[in-house]
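Chains, contacts and geometry: an overview
Given next are the chains, with one letter for each unit.
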Amino acid sequence: MRKNTRSPDVALVVVDDDPAVLDHARALFAHDIPFGVVGSQYSAVVPFMLGNNGHTVALVADVDDPDQLAGAIMTTERRLGPVRAVIRYASDLPAGMDGADGAFGAGASAGAGLRSTAPAA
C-alpha cells in the first residue's frame, strides 16, 4: 500500500443513492486520485477498503445525519487534504470527470471541476 499524500482538492463521494456516483468513485479509485468514499452500508464501501490504494479514505456513516457526515469530511481532510466537494447525486458530478474522455490522462488535475455541493449544516 502506498503512503497517503495530501492533495489540494479532495472530494467526498457518497455511494448510497446513485449508480453514476458509484461509477465515478470507481473511476477515481482506478486512477489513484485522492478522495473519500462514504456509505451507510458496509457492502458499498468494502471494495474501496479491500483494494485500498493509499489515496482513498473509505468510511461507513449515516450520510443523512449531519454530524456523521461532518465527521466523515473531517476524517477525510485529516488524511488527504481539504474536501472541496461532496458528491452524492449525478447532478453533483463535475463535468468531464467520467474517465471516458481522457480527463484522467497525464497532467490532469485531480481537482479539476470540483465544486462544493455540501449541505449547509
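Keep in mind that this is a model prediction, so the values were computed, not measured. (Residues numbered from 1 in each chain as written. Predicted model: local features only at pLDDT ≥ 70, side-chain atom pairs only at ≥ 80, totals over all residues. Heavy atoms only, no water.)

Things to note about the pattern of salt bridges
Overall, the coordinates contain 4 salt bridges when judged by the stated rule. Two residues, R88 and D17, come together in a salt bridge whose shortest N-O distance is 2.5 Å. Here R88 is found in the segment after strand 4 (83–87), whereas its partner D17 is found in the loop between strand 1 (10–14) and helix 1 (19–30), with 71 residues between them in sequence. Since its relative accessible area comes to 15%, R88 is described here as buried. In this structure D17 comes out as partly exposed when scored by relative accessible area, which is 39%. Of the charged contacts, one joins R88 and D64 as a salt bridge, the two residues approaching to 2.8 Å between their closest N and O atoms. In this pair, R88 sits in the segment after strand 4 while D64 sits in the loop between strand 3 (56–60) and helix 3 (66–80), placing the two residues 24 residues apart along the sequence. Overall, the relative accessible area of 60% leaves D64 in the exposed class. What emerges from the salt-bridge pattern is a single network uniting D17, D64 and R88. (Salt bridge = Lys/Arg side-chain N within 4 Å of Asp/Glu carboxyl O. Helix = DSSP H or I, 4+ residues; strand = E, 2+ residues; numbered from the N terminus. Buried < 20%, exposed > 50% of the residue type's maximum accessible area, 1.4 Å probe, protein only.)

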